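Residue-level structure breakdown
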Amino acid sequence: GAVVSQHPSRVICKSGTSVKIECRSLDFQATTMFWYRQFPKQSLMLMATSNEGSKATYEQGVEKDKFLINHASLTLSTLTVTSAHPEDSSFYICSASGQVATNEKLFFGSGTQLSVL
Amino acid sequence: QQQVKQSPQSLIVQKGGISIINCAYENTAFDYFPWYQQFPGKGPALLIAIRPDVSEKKEGRFTISFNKSAKQFSLHIMDSQPGDSATYFCAATGSSYKLIFGSGTRLLVRP
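Residues numbered from 1 in each chain as written. Chains lettered and ligands numbered in written order. Predicted model: local features only at pLDDT ≥ 70, side-chain atom pairs only at ≥ 80, totals over all residues. Heavy atoms only, no water.

**Focus on the overall build of chain A**
If you tally the helices and strands in chain A, you get zero helices and eleven strands. For chain A, the N- to C-terminal ordering of α and β elements is β-β-β-β-β-β-β-β-β-β-β. For chain A, whose C-alpha radius of gyration is 14 Å, the value lies close to the compact-globule estimate of 13 Å for 117 residues. With the C-alpha coordinates of chain A rotated into their principal frame, the extents come out at 45 × 30 × 20 Å. In chain A, buried positions account for 50% of the 117 residues. Within chain A, residue pairs in contact and separated by at least 24 positions form 55% of the contacts whose partners lie at least 6 positions apart. Accessible area of chain A: about 5800 Å², with a carbon and sulfur share of 49%. Here chain A contributes 10 positively and 9 negatively charged side chains, and the mean placements of these two sets differ by 4 Å. (Helix = DSSP H or I, 4+ residues; strand = E, 2+ residues; numbered from the N terminus. Rg over C-alpha atoms; globule rule 2.2 N^0.38 Å. Buried < 20%, exposed > 50% of the residue type's maximum accessible area, 1.4 Å probe, protein only. Contact = heavy atoms within 4.5 Å. Areas by Shrake-Rupley, 256 points an atom, 1.4 Å probe, with all protein chains shown as cover. Lys, Arg positive; Asp, Glu negative; His and termini not counted. Charge placed at Lys NZ, Arg CZ, Asp CG, Glu CD.)

**Some words on the side chain of Ser-74 of chain B**
All names here are of chain B. Within the secondary structure, Ser-74 sits in strand E8 (residues 72–77). Among the polar contacts made by the side chain of Ser-74, one reaches the side chain of His-76 at a distance of 3.3 Å. Discounting chain neighbours no more than four positions away, the residues touching Ser-74 are Ile-21, Asn-22, Trp-35, Thr-63, Ile-64 and Ser-65. (Polar contact = N/O pair within 3.5 Å; in protein donor to acceptor, adjacent residues only side chain to side chain.)

Below is the structure:
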């Protein structure tokens, strides 16, 4: 199947700093990328949907000024957590959809564990 | 109408037994129903998926049963193994691929 690479896998930062998470589709063009957040022992909650070259669409309750999403190319989307606070500590997961020659049309990254001190 | 309800929250099964997880949805526009397996600290991995034009799909030890009229679908894991111990999520989506996840089921398979 197609591969989505997410980096870094783990990041620890101080409160008030910004953190950037990258999501890359390695062998297909991702027309749409999704960003999810998962708190411990909870489900994945969709934060935003991004299409290449256009502004991201955020889900209700997600602060767009805090979680900046950029999808500048068909293989890269980034999520920047600005002025991070301890309550932003979570597992962030991206997924990508695009035209691939399999029945599976949606591929997930391996996730980024963010810890804000 | 966007919810996907999943049960049970946790499940303990003996090795070799059958694990059954159920999900229900409300939005009739959903047309793709995947199941994901997630290990701690990892992203979800697609196990098996079904579209509403079939009532059952089997891949190895994993089977999805789909009841369109009841808007329910379930995952059956046959001959459950300790290595199957993980959290399982059902999900649903339409043409946008914007997945709505169930709340998850933590499966423990005892040796």
